[in-house]
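Structure assessment
Residue strings, one per chain:
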Amino acid sequence: AQTVTQSQPEMSVQEAETVTLSCTYDTSESDYYLFWYKQPPSRQMILVIRQEAYKQQNATENRFSVNFQKAAKSFSLKISDSQLGDAAMYFCAYSVNYGGSQGNLIFGKGTKLSVKP
Amino acid sequence: NAGVMQNPRHLVRRRGQEARLRCSPMKGHSHVYWYRQLPEEGLKFMVYLQKENIIDESGMPKERFSAEFPKEGPSILRIQQVVRGDSAAYFCASSRSDNQPQHFGDGTRLSIL
């Protein structure tokens, strides 16, 4: 069975600094998708970034980038120039890639990120 | 361009009552997913539907829970004879096709008295 593990229940970063959130996963599949979702106090789930496992290039989205290490089954999220609005729960998620079709999402337990002014 | 709409935002039920949670996917999206989030936990997959079809219900409890996505109207997650353990936030997500990212609604927080 596939699992997603986030080993940092809470993290803190100073405004304008950089922070990295860790995620590891376990799967026997060779092709899959990985995601980071953000959940602010409003509880909305916001897609931050998506990575396709067969792509070696790390995905980036403005201040957000990932370090995807397929052999190590690691998928960390780096937030540069942290802003107060980045404070939220961050969930790492996985889904199998069925020949281009995305399966249901499997989530980690989340990391609560605080941003200090 | 409205996002995924869920209602109600909050729902309070007494034990034994029925709960109906509604989800209208984004315009142009025909794939709907339901997830449940318990306190201090990540989301857990429940069911995946396309119009008039249940594609994957491997995460649904065997009893009391059902879901539908009719040809017209929103997707409905129905919980019969609710119990305290059903208290959770229920999220709906939709996607344009099965290889596109899922976009989430704001969730429905269900509280059982």
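Note: the structure precedes this text.
Since the model is a prediction, treat every value here as computed from it, not as a measurement. Within every chain, residues take consecutive numbers counted from 1 along the sequence as written. The lettering of chains begins at A and the numbering of ligands begins at 1, in the order of writing. For this predicted model, a pLDDT threshold of at least 70 governs which residues receive local features, and a threshold of 80 or more governs which side-chain atom pairs are given and counted, while totals over whole chains, interfaces and linings are taken from all residues. Remark: hydrogens and water are excluded; side-chain values derive from all non-hydrogen atoms of the structure.

**Focus: the pattern of salt bridges**
For the record, the criterion: When a carboxyl oxygen of Asp or Glu lies within 4 Å of a side-chain nitrogen of Lys or Arg, that pair is called a salt bridge. What counts as a helix is a DSSP run of H or I of at least four residues, what counts as a strand is a run of E of at least two, and both are numbered from the N terminus. Relative accessibility decides the category of a residue: with a 1.4 Å probe and only protein chains considered, values under 20% of the type maximum give buried, values over 50% give exposed, and everything between is partly exposed.
In this structure the tally under the stated criterion is 8 salt bridges over all chains. Measuring nitrogen to oxygen at the nearest pair gives 3.6 Å for the salt bridge that ties A:Asp26 to A:Lys73. Of this pair, A:Asp26 sits in strand β4 (residues 24-26) while A:Lys73 sits in the loop between β8 (64-69) and β9 (74-79), and the two are 47 residues apart along the sequence. A relative accessible area of 40% places A:Asp26 in the partly exposed class. Of the residues examined, A:Lys73 reaches a relative accessible area of 25% and is grouped as partly exposed. Note that B:Lys44 and B:Glu41 form a salt bridge whose closest N and O atoms lie 3.8 Å from each other. Each of A:Lys109, B:Glu41 and B:Lys44 takes part in one network of salt bridges that share partners.

**A word on the sheet that holds strand β1 (residues 5-7) of chain B**
All names here are of chain B. How we decide: Should DSSP find at least two bridges between two strands, the strands are taken to pair. Axis lines are fitted through C-alpha atoms, for helices just across the contact stretch, and the angle between N-to-C directions can take any value from 0 to 180 degrees.
One open sheet accounts for 4 strands, arranged β1-β3-β8-β7; its pairing is antiparallel. Only two strands of the sheet have a single partner each, and these edge strands are β1 and β7 (65-68). For this sheet, the mean angle separating the axes of adjacent strands, direction not counted, is 15 degrees. The pairing of β7 with strand β8 (residues 75-79) spans 4 bridges and is antiparallel. The partner of Ser66 across the bridge, within β8, is Arg78.

**Side note on the interface of chain A and chain B**
Accessible area lost on assembly of the parts is the figure often given for the size of an interface. Heads up, the rule is: Any pair of residues with heavy atoms lying within 4.5 Å of one another is described as a contacting pair. Put simply, buried area is how much 1.4 Å-probe accessible surface two parts lose in total, over both of them, once they are put together.
In this complex, chain A contributes 19 residues to the contact, which on the side of chain B involves 24 residues. Of the roughly 1800 Å² buried where chain A meets chain B, counting both sides, 46% is carbon and sulfur surface. On the chain A side of the contact with chain B, A:Arg43, A:Gln102 and A:Asn104 bury the most area, a combined 36% of that side's loss. At the boundary of chain A and chain B, one finds 1 salt bridge.

**Considering the side chain of B:His31**
All names here are of chain B. Applied cut-off: Under this definition, polar contacts are N or O atom pairs within 3.5 Å; protein pairs additionally need one hydrogen-donor-capable and one acceptor-capable atom, and for neighbouring residues in sequence, both atoms have to be side-chain atoms.
Mapped onto the elements, His31 comes out in strand β4 (residues 31-37). The buried category is assigned to His31, whose relative accessible area is 7%. There is a polar contact of 3.4 Å between the side chain of His31 and the side chain of Gln50. For His31, the residues in contact, after removing those within four places along its chain, are Tyr48, Leu49, Gln50, Ala93, Ser94, Ser95, Arg96, Ser97 and Asp98.

**Some words on the environment of B:Tyr33**
Residue placement: B:Tyr33 occurs in strand β4. Given the relative accessible area of 0%, B:Tyr33 is considered buried. The spatial distance from the C-alpha of B:Tyr33 to the C-alpha of B:Cys92 is 5.6 Å, given a sequence separation of 59 residues. Not counting residues within four places of it along the chain, the set of residues in contact with B:Tyr33 comprises A:Gln102, B:Phe45, B:Val47, B:Tyr48, B:Phe91, B:Cys92, B:Ala93, B:Ser95, B:Asp98 and B:Gln102.

**A look at the pairing of β9(A)**
Residues and elements named next belong to chain A. When you tally the buried positions in β9, you get 5 out of 6 residues, the bulk of the element. Pairing of strand β3 (residues 19-21) with β9 involves 3 bridges; the strand directions are antiparallel. By the bridge assignment for β9, Leu21 is matched with Leu77. With 6 bridges connecting them, β8 and β9 associate as antiparallel partners.

**A few points about the nonpolar core**
Going by this rule: In plain words, nonpolar cores are sets of buried Ala, Val, Leu, Ile, Met, Phe, Trp, Tyr and Cys residues tied together by side-chain atoms within 4.5 Å.
By size, the foremost hydrophobic cluster in this structure holds 26 residues, and its most contacted members are A:Tyr25, A:Trp36, A:Phe75, A:Leu77 and A:Tyr90. Sorting the residues of this core by element identifies β3, β5 (32-39), β6 (46-52), β8, β9, β10 (88-98) and β13 (111-116) of chain A as the ones contributing at least two each. If you tally residues by element for this core, the top one is β10(A), at 5 residues. Every residue in contact with A:Phe75, bar those within four places of it in the chain, is listed here: A:Cys23, A:Tyr25, A:Leu34, A:Phe35, A:Trp36, A:Gln51, A:Val66, A:Asn67, A:Phe68 and A:Cys92. Counting residues in each nonpolar core, the second largest holds 23 residues, with B:Trp34, B:Leu49, B:Phe69 and B:Ile79 among its members.

**Comments concerning the environment of A:Ser42**
Following the sequence through the fold, A:Ser42 ends up in the loop between β5 and β6. A relative accessible area of 42% means that A:Ser42 is categorised as partly exposed.

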